[in-house]
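Geometric and topological summary
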Protein chains: 2
Amino acid sequence: MKGRLTGLGIDTGGSFTKLIAIAESGAVLGKAQIPTLSEKGPRDFIRRAAQAVRALERRLGRSLGDVCLAVAGDVDPRRGRLRRSPNLPRFEDFPLRDTLRVALDRQVEMHNDANMAAWGCYTLELRRRFPNVLGITMGTGIGGGVVQGGKLYTGSTGSAGEFGHMRVVPGGERCGCGASGCLEAYAGKAGIAKLAARLLEESPAASPRLRAAAKGGDGLDPEVLARAAQAGDPVAREVWRRVGAAMGVGIVNLVYLFNPDAVVIAGGVSQAGAFFMDPIRRALAEESFRTPFTHVRVTLAKRAQLGSLGAAMYALEGAD
Amino acid sequence: MKGRLTGLGIDTGGSFTKLIAIAESGAVLGKAQIPTLSEKGPRDFIRRAAQAVRALERRLGRSLGDVCLAVAGDVDPRRGRLRRSPNLPRFEDFPLRDTLRVALDRQVEMHNDANMAAWGCYTLELRRRFPNVLGITMGTGIGGGVVQGGKLYTGSTGSAGEFGHMRVVPGGERCGCGASGCLEAYAGKAGIAKLAARLLEESPAASPRLRAAAKGGDGLDPEVLARAAQAGDPVAREVWRRVGAAMGVGIVNLVYLFNPDAVVIAGGVSQAGAFFMDPIRRALAEESFRTPFTHVRVTLAKRAQLGSLGAAMYALEGAD
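Residues numbered from 1 in each chain as written. Chains lettered and ligands numbered in written order. Predicted model: local features only at pLDDT ≥ 70, side-chain atom pairs only at ≥ 80, totals over all residues. Heavy atoms only, no water.

**Section: the overall build of chain A**
- Tallying secondary structure elements over chain A gives eleven helices and twelve strands in all.
- For a compact globule of 320 residues, the expected C-alpha radius of gyration is about 20 Å, and chain A comes in at 20 Å, within 12% of that figure.
- The principal-axis extent of the C-alpha atoms belonging to chain A is close to 60 × 50 × 35 Å.
- Each of the 320 residues in chain A was classed as buried or not, and the buried ones make up 59%.
- The long-range share in chain A, meaning contacts at least 24 apart out of those at least 6 apart in sequence, stands at 62%.
- On chain A, roughly 12,700 Å² of surface is accessible, and the fraction owed to carbon and sulfur atoms is 50%.
- Positive and negative side-chain charges in chain A, numbering 43 and 31 respectively, have mean positions lying 3 Å apart. (Helix = DSSP H or I, 4+ residues; strand = E, 2+ residues; numbered from the N terminus. Rg over C-alpha atoms; globule rule 2.2 N^0.38 Å. Buried < 20%, exposed > 50% of the residue type's maximum accessible area, 1.4 Å probe, protein only. Contact = heavy atoms within 4.5 Å. Areas by Shrake-Rupley, 256 points an atom, 1.4 Å probe, with all protein chains shown as cover. Lys, Arg positive; Asp, Glu negative; His and termini not counted. Charge placed at Lys NZ, Arg CZ, Asp CG, Glu CD.)

Next up, the structure:
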């Protein structure tokens, strides 16, 4: 893969598929977006994705090199298929990678989107300064990926780094996966909204503006709660404090298990970082086994779209 | 390291130091033991350890090749020193590895004892059939080690695989490390004894024989509790069921994070395996994200002394 000058990342979500072309320097050369329309099936999707790649190449006046497809769900990176994906059920068990390879006549890899976001954290956010990096994506779900010795570690079946289903409160809040007490149930979008609603209910006089926003149809989503925290709202701040406490338990575990150089938190909620990073840092500071905890840096990613950016970097240089 | 035929593992514990010489086949060539006598300081220890190596070589009539020193505590494998070790405070920050290198005039490595036990799980228990293996040591403490792609992964500061301090019940039982809810507080020797004592207190009529054994000075240690469970004692069986439940939470987390081929449980308590493996297997069976859980095998190690055995195997062939 050495010597190639560009890579193309394709991040396939339930609604939209985002294409990003990137240079070796990390500079973004161009972007495109198509609706995923998964209900039309995988063949139709691959045909339109290949068209979008060629259209982007025409627009930029150059070939965009190899491709990495990032998809949410249980990806089999060896076979280039989705085993299971709640958002893309019609794509399951279809040879997405190999069909796109044939359509584009070039090297195509396929990985879990959070693994690609972690690769973006390693290559772009940290510019490869440290070999052992964990990326955590906070969004609808909590995902993650593991970089060790400068290589992506995907585990035996491509499932490593499922940080969101680590139990932080066994027997606690119900998670979408059916289990109880997963980190995602406390720090994923739905869990955060549920907590905010409960706190609003518990103190009926507090936070009239947050309550109004929630009723106004904005919902208690992370953006609304981030803005409210910024404006000093006590309920919103308490929400983020508790999100930080749950993330703190999770990251303490990750440090004991992986002993990384750095943990990077990516995803939509990073705007609220100022309000949840303090409890995370406090949790790390409390551990008596100091060596791995004084070593590790925990930071917020500055970039959005690290899934497609990381996939583009992986296409460029990550593959063996 | 290729082509060497023997390796020597030296497992340095608080009271005793065990030497094991091993052939490439995994066959044990010879053993020796010396008191650690850490109060006499590290120089004296290294002198006596080197003497013991030479005595074993004379006894076996051959050179025993390179050496790996396995030590409990916060080992810096790059510098070959103990940063911190509650059992061996006088050895802290002394160049144990390099002093032994000079004394024996051969290659010496130094690693955390649980990491070496994990290497033993990978090389001896599983005979390298799977590349991604986690070893968990259940003893006074709960330790662990990570093998990925057939290599030992020790993390950025040599601290990876500290499975015992993963939180399984945040805010739960106090752990020796000062934190609450660590796996070790539920499945380590002291935690098991505490739980057994509490259960005996709660049902004063139950388990007269176990109670007698506890009073007779045997204490509620894992061996006594394993024998009692074997004999059908209901309190002992409940103890192991709860130990298995805590281990189950921990292993579920490990599978989500590392996605290993195999998890091997080693250490003194494996005699009670029949009573704690079922709850572990049940915990794994309950997860809805099936791929990593149907893939992984969880087994009990058959060998004792995997710390020194693993160190011997590592000396033989594990180093780069």
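**Points about the side chain of Q148 of chain A**
- With respect to the helices and strands, the residue Q148 of chain A is situated in strand β9 (residues 142–148).
- Contact partners of Q148 of chain A, with chain neighbours within four places excluded, come to P131, N132, Y153 and F258 of chain A together with Q148 and Y153 of chain B.

**As for the sheet that holds strand β2 (residues 16–23) of chain B**
All names here are of chain B.
- A sheet is described by the order of its strands in space; here five strands give the open sequence β3-β2-β1-β4-β7, paired in mixed fashion. Because the sheet does not close on itself, it has two edges, and the strands there are β3 (28–35) and β7 (108–112). Direction aside, the axes of adjacent strands within the sheet are offset by 20° on average.
- Pairing of strand β1 (residues 6–12) with β2, which is carried by seven bridges, proceeds in the antiparallel orientation. (Pairing = 2+ DSSP bridges. Axes fitted to C-alpha atoms, helices over the stretch in contact; angles between N-to-C directions.)

**Re the relation of the copies chain A and chain B**
- Note on the copies: chain A fits chain B at an RMSD of 0.0 Å, the axial shift is 0.0 Å, and the rotation between them is 180°. Given the turn and translation reported, the copies of this chain are related as if by a two-fold rotation axis. Taking C-alpha positions as reference, the residue of chain A nearest the rotation axis is V169 of chain A, located at 3.2 Å.
- Comparing interface residues between copies, 100% of those in chain A also lie at the interface in chain B; the contact surface is shared. (Least-squares fit on C-alpha atoms with pLDDT ≥ 70 in both.)

**Remarks on the confidence of the model for chain A**
Residue and element names in this part refer to chain A.
- For chain A, per-residue confidence averages 93 on the pLDDT scale, and residues scoring 70 or more make up 98% of the total.
- When mean pLDDT is compared element by element in chain A, helix α2 (residues 96–104) scores highest at 98, while helix α6 (residues 208–218) scores lowest at 81.
- For this predicted complex, the interface score ipTM comes out at 0.95, while the overall pTM is 0.95. (pLDDT = per-residue confidence, 0-100.)

**So, the packing of aromatic side chains**
- Tallied over the entire structure, the rule returns 15 aromatic pairs over all chains.
- Here Y256 of chain A and F293 of chain A contribute two aromatic rings whose centre-to-centre distance is 4.9 Å and whose plane-to-plane angle is 75°, an arrangement assigned as edge-to-face. In this pair, Y256 of chain A is assigned in helix α8 (residues 234–258) and F293 of chain A in helix α10 (residues 290–295), connecting sequence segments 37 residues apart. Accessibility classification places Y256 of chain A together with F293 of chain A in one group, the buried group.
- Each member of the aromatic cluster is reached from another via a ring pair, and the members are F163 and F258 of chain A together with F163 and F258 of chain B. (Phe/Tyr/Trp six-rings, centres within 6.5 Å; stacked < 30°, edge-to-face > 60°.)

**Let's talk about the pattern of salt bridges**
Residue and element names in this part refer to chain A.
- Evaluated as defined, the whole model comprises 33 salt bridges over all chains.
- Across the pair R48 and D44 runs a salt bridge whose closest N-O atoms are separated by 2.8 Å. Note that R48 and D44 are positioned in helix α1 (residues 42–60) at a spacing of four residues, about one turn of the helix.
- The class for R48 is buried, based on a relative accessible area of 15%.
- The partner of E125 in a salt bridge is R303, with the nearest N and O atoms 3.0 Å apart. With E125 in helix α3 (residues 113–125) and R303 in the loop between β12 (297–300) and α11 (306–318), this residue pair connects regions lying 178 residues apart in the sequence.
- We classify E125 as buried; its relative accessible area is 13%.
- Through salt bridges with shared partners, a single ionic network connects E173, K194, R198 and E202. (Salt bridge = Lys/Arg side-chain N within 4 Å of Asp/Glu carboxyl O.)

**Observations concerning the nonpolar core**
- The biggest cluster of nonpolar side chains holds 107 residues, and the ones touching the most others in it are W240, M247 and I251 of chain A together with W240, M247 and I251 of chain B.
- Once you skip the residues sitting within four places of it in the chain, I251 of chain B turns out to touch I136, V263, I265, I280, L284 and V298 of chain B. (Core = buried A, V, L, I, M, F, W, Y, C linked by side-chain atoms within 4.5 Å.)

**Some points on the sheet that holds strand β4 (residues 66–71) of chain A**
Residues and elements named next belong to chain A.
- Strand order in the open sheet made by the five strands is β3-β2-β1-β4-β7, with mixed pairing throughout. The sheet is open, and its two borders are formed by β3 (28–35) and β7 (108–112), each paired with just one other strand. Strand after strand, the sheet turns through a mean of 20° between neighbouring axes, direction not considered.
- Each of β1 (6–12), β4 and β7 is contacted by α2, which is oriented at about 150° to β7, the strand it contacts most.
- Sheet strands in contact with α3 are β1, β2 (16–23), β4 and β7, and its direction is about 100° off that of β7.

**Remarks on the interface of chain A and chain B**
- In this complex, chain A contributes 40 residues to the contact, which on the side of chain B involves 40 residues.
- Counting the surface lost from both chain A and chain B, the interface buries some 3,100 Å², and carbon and sulfur atoms represent 54% of this.
- Our count for the chain A to chain B interface comes out at two salt bridges.
- The residue E287 of chain A makes a salt bridge to R167 of chain B at a minimum N-O spacing of 2.5 Å.
- The interface formed by chain A and chain B includes 28 residue pairs in polar contact (both at pLDDT 80 or more).
- Going through the elements one at a time, β9, α8 and α10 of chain A are the ones with two or more residues in the side of chain A that touches chain B.
- Broken down by element, the side of chain A that touches chain B gets its largest block of residues, seven residues, from α8 of chain A. (Buried area = accessible area lost by both parts, 1.4 Å probe. Polar contact = N/O pair within 3.5 Å; in protein donor to acceptor, adjacent residues only side chain to side chain.)

**Details of the packing of helix α5 (residues 189–202) of chain A against α8 of chain A**
Residues and elements named next belong to chain A.
- Contact geometry of α5 with α8 gives a least axis separation of 10 Å together with a crossing angle of 135°. Taken together, α5 and α8 sit at an angle that is classed as oblique. In terms of crossing hand, the pair formed by α5 and α8 is right-handed. Within the contact between the two elements, α5 uses I192, L195, A196, R198, L199 and L200 and α8 uses V235, E238, V239, W240, R242 and V243. (Parallel < 35°, antiparallel > 145°, perpendicular 65-115°, else oblique. Left-handed = near helix turned anticlockwise from the far one by under 90°.)

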